[in-house]
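The residues making up each chain are set out below.
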Amino acid sequence: VNRPVAMASSALLTVRGVEYGVGLTADGEALRVDLQDTQTGELWSGTFNTRYVEEITQKTGSFKKFGVFVGMLRSALAAPAGDETLKLDVLTYADLQVLKQRKAAGGDASCSASALVPPASSTKRYLILTYACQFDRVHFPLPLAFLHATPHPPVEAAPPATAWPAPATGSASSHGLHQRCEQLSREKADALAAYDTLRRESAREADRLRRRAEALSRELEEQAEQAR
């Protein structure tokens, strides 16, 4: 039995010169994200239940209820270019490795990240939802598994409700469920690793903004003293 879709949205997203079609579908229990390269037809997808989404947001220190997170994701998809409050990015596993190398080497990522990418992870993409406020920046990573490539990506419409798989029965169901649990465990570990990398980057940016705010505050106090 297919679950009714409470939200369906789609849009084009351009990241570093690559255009993607992004499709979102969600009900009260799960969120599905589809990402497709409009030039190559490569397709990535991920399905995240309520517990997974809320656990990921809690790990960031900025907990969001499932419905709130879905709303933020939808708003980011519809946000105009240049909006820094809510924005989306797409990273590869290699991109995340480069960030880790820069952190470890103090900004020097001279060695090749591709040499460090495990085959199982090299085809993944990570949709990053960034929420920025005055003195904080939070990144929420969603790992997407590679599915296949098609010559004509369907970027005009969000995935239909029939895209949700119906549960299987019998021993095949038990085996499939076990494999799915293993896959979700790996994806969760990848997402947490991605978050940890992005959190360190965010902390550095937040510290820079805090120091800037303190400097401006001191400057305003000095000007106020001079004006007396």
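Calculation notes
Residues numbered from 1 in each chain as written. Predicted model: local features only at pLDDT ≥ 70, side-chain atom pairs only at ≥ 80, totals over all residues. Heavy atoms only, no water. Helix = DSSP H or I, 4+ residues; strand = E, 2+ residues; numbered from the N terminus. Buried < 20%, exposed > 50% of the residue type's maximum accessible area, 1.4 Å probe, protein only. Contact = heavy atoms within 4.5 Å. Areas by Shrake-Rupley, 256 points an atom, 1.4 Å probe, with all protein chains shown as cover. Salt bridge = Lys/Arg side-chain N within 4 Å of Asp/Glu carboxyl O.

**What about the overall build of the protein chain?**
The helix and strand tally for the protein chain stands at 5 helices and 7 strands. N-terminal to C-terminal, the α/β element order of the protein chain is β-β-β-β-α-α-β-α-α-β-β-α. Here the protein chain, with 228 residues, has 36% of them falling under the buried criterion. Look at the contacts in the protein chain between residues 6 or more apart in sequence, and 60% of them connect residues 24 or more apart. For the protein chain, the exposed area adds up to about 12900 Å²; of that, 54% sits on carbon and sulfur atoms.

**Side note on the pattern of salt bridges**
Counted by the stated rule, this structure contains 4 salt bridges. We note a salt bridge from R32 to D34, for which the minimum N-O separation is 2.9 Å. The exposure classification of R32 matches that of D34, with both residues buried. For E54, the salt bridge is made with K65, and the minimal N-O distance between the two is 3.9 Å. Taken as a pair, E54 in helix α1 (residues 50-59) and K65 in the loop between α1 and α2 (66-78) lie far apart in primary sequence, 11 residues in all. Judged by its relative accessible area of 16%, E54 is buried.

**Observations regarding α1**
Here α1 has its buried residues at Y52, V53, E54, I56 and T57. G61 sits one or two positions beyond α1 and adopts a positive phi of about 85°.

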